[in-house]
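# Fold and geometry: a report
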Amino acid sequence: MNSCIRYADKQDIPILVEMWKSCFSDSEEYIRYFYKENFDNIEVLVNSVNGKPVSMAHIINCSFVDGKERNKGKFIYAVGTSPDYRNRGSFTGLMRYITGKAKEKGYALFLKPSEPGIELNYKKAGFERDSVLRIVTFKCEGVQPIDVSPLSYKEYNKMRDAAFSDIPYVKWDDEHVKWCVEENEYFSGRTLRVAFGGKSFFLMGYRENGTLIINETDLSFEQLKLISGSLCREFETELIKAYLPDRSCNKGEEVVSSLVYNLPHKNTYANLILI
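Below or above, wherever it landed, is the structure these notes cover. Values in this document were obtained by computation on a predicted structure and should not be read as measured data.

What is meant by a disulfide is a covalent connection between two cysteines, made through their sulfur atoms. Tallied over the full model, the rule gives one disulfide. Here Cys140 pairs with Cys232 through a disulfide, and the sulfurs are 1.5 Å apart. Note that Cys140 is positioned in the loop between strand 6 (128–139) and strand 7 (147–150) and Cys232 in helix 7 (residues 221–235), a separation of 92 residues in sequence. For Cys140, a relative accessible area of 21% translates into the label partly exposed. Owing to a relative accessible area of 4%, Cys232 belongs among the buried residues under this scheme. Among the cysteines around Cys4, which has no disulfide bond, Cys23 carries the closest sulfur, lying 19 Å off. Under the relative-accessibility criterion, Cys4 is labelled partly exposed at 38%. For the unlinked cysteine Cys62, the closest cysteine sulfur is that of Cys180, found at 12 Å.

Our focus in this paragraph is the nonpolar core. The biggest cluster of nonpolar side chains holds 48 residues, and the ones touching the most others in it are Leu16, Trp20, Tyr30, Phe34, Tyr35, Phe110 and Trp172. For Phe110, the residues in contact, after removing those within four places along its chain, are Cys62, Phe64, Lys74, Phe75, Ile76, Val170, Trp172, Ser258, Leu259, Val260, Ala270 and Ile273.

For the rest of this paragraph, the subject is the layout of surface pockets. Within this model, the second largest pocket holds a volume of roughly 220 Å³. Lining of the second largest pocket is provided by Glu37, Asn38, Asn41, Ile42, Ile60, Asn61, Asp173, Glu175, His176, Lys178, Trp179 and Glu182. Of all the elements in the fold, those that place two or more residues in the lining of the second largest pocket are helix 2 (28–38), strand 3 (52–66) and helix 6 (174–186). Partitioned by chemical class, the residues of the lining of the second largest pocket number three nonpolar, four polar and five charged.

Here we come to the pairing of strand 13 (residues 253–261). Extensive coverage of strand 13 is indicated by the burial of seven of its nine residues. Where strand 5 (residues 108–111) meets strand 13, three bridges bridge the pair, whose relative direction is antiparallel. Looking across to strand 13, one finds that Phe110 is bridged to Val260. Here seven bridges tie strand 6 to strand 13, and the two strands are oriented antiparallel to one another. Within strand 13, the residue paired with Leu133 across the bridge is Val255.

The next point concerns the packing of aromatic side chains. As enumerated under the stated definition, the model contains 29 aromatic pairs in all. Summarising the aromatic geometry, the rings of Phe127 and Tyr261 are spaced 5.6 Å apart at their centres and angled 45 degrees between planes, so their arrangement reads as tilted. Highlighted residues: Phe127 in the loop between helix 4 (119–124) and strand 6 and Tyr261 in strand 13, separated in sequence by 134 residues. The ring of Tyr107 carries Lys74 above its face, with NZ or CZ at 5.3 Å from the centroid. Lying across the ring of Phe235, Arg190 places its NZ or CZ 5.3 Å from the centre.

What follows deals with the environment of Pro113. Among the structural elements, Pro113 can be located in the loop between strand 5 and helix 4. Taking the C-alpha atoms as reference points, Pro113 and Ser258, separated by 145 residues in sequence, lie 7.6 Å from one another. Those residues in contact with Pro113 that sit more than four places away from it in its chain are Ile118, Glu119, Val256 and Leu259.

What follows is about helix 3 (residues 90–105). With 16 residues, helix 3 ought to run about 22 Å at 1.5 Å a step, and its terminal C-alpha atoms sit 23 Å apart, in line with that. Looking at helix 3, one finds that the buried residues are Ser90, Gly93, Leu94, Met95, Ile98, Thr99 and Ala102. The positive-phi residue at the C-terminal boundary of helix 3 is Gly106, with phi of around 80 degrees.

With that settled, consider the environment of Tyr169. You can see Tyr169 is positioned in strand 8 (residues 169–171). Dropping the residues within four chain positions of it, Tyr169 is found in contact with Ser63, Phe64, Val65, Arg160, Asp161, Phe164, Thr268 and Tyr269. A polar contact of 3.0 Å, which involves the side chain of Tyr169, links it to the side chain of Asp161.

With glycine set apart, most residues show a phi of negative sign, and most peptide bonds adopt trans. The backbone phi angle of Ser188 is positive, close to 65 degrees, even though this residue is not glycine. Positionally, Ser188 belongs in the loop between helix 6 and strand 9 (190–196). Judged by relative accessible area, Ser188 falls into the exposed class, the value being 61%.

Definitions and limits used
Residues numbered from 1 in each chain as written. Predicted model: local features only at pLDDT ≥ 70, side-chain atom pairs only at ≥ 80, totals over all residues. Heavy atoms only, no water. Disulfide = S-S within 2.5 Å. Helix = DSSP H or I, 4+ residues; strand = E, 2+ residues; numbered from the N terminus. Buried < 20%, exposed > 50% of the residue type's maximum accessible area, 1.4 Å probe, protein only. Core = buried A, V, L, I, M, F, W, Y, C linked by side-chain atoms within 4.5 Å. Contact = heavy atoms within 4.5 Å. 1 Å grid on protein atoms, 1.4 Å probe; cavity = no way out; pocket = protein on both sides within 12 Å on 5 of 7 lines; lining within 4 Å. Points joined across faces, edges and corners; volume = space filled by probe spheres on them. Nonpolar A, V, L, I, M, F, W, Y, C, P; charged D, E, K, R; others polar. Pairing = 2+ DSSP bridges. Phe/Tyr/Trp six-rings, centres within 6.5 Å; stacked < 30°, edge-to-face > 60°. Lys NZ or Arg CZ within 6 Å of the ring centre and 35° of its normal. Expected span 1.5 Å × (residues − 1). Polar contact = N/O pair within 3.5 Å; in protein donor to acceptor, adjacent residues only side chain to side chain.

In structure tokens form, the structure reads like this:
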């Protein structure tokens, strides 16, 4: 058996699509859309046996910002192994390679476990829990009127950097934010500037089964409740489900937003981690 770790090429995409389908619940249509829009802009590492990928990891550049300090980082996404090669060391070998490169070159890594049960696997690879998000779900009862307008990905990223500049956070380049906005639109979502009380905020969300899912916003929980009725009318929903930083919200369900490796500072806000 001849195995090696290498970068995937476009000829590997059909195999990667099938592997993705075996690991995650995404539709084949979405997976092909992801590769069409992103393959040339990201790194896709595979553990290959006799030339065929059996484990994969998608890697997206980012930065970890804490005040004036800025550290190069990489976000690891959609890590998976073909069913026939699970529990045979393929995943372990791939992660050992990725963490070894990070240690050698001095950059940090982070990822979000797709489900709580696999967090231990990453901890064995040297990752540690860093930050959490709060998921709050509530009825649309607030009556504060709002003005909304579309936000371009560049405007969104500029507002995002300004909003989180006083805390440690993951900074994305415009290309990644562009993809997140387009992905949100793929799910019939909207990326908006929300204005009320003389201030403007950003919000990225989409409608799902009568609920507005807010992936990211700089609105606090209290502000969201205040304008909840207006938001629900805008998105034609009855409920709001928002993912908020634990710094601005101590209510709701706590979920891990990042496991990190080789990161010098702690409790880094991490979001825009793809839907």
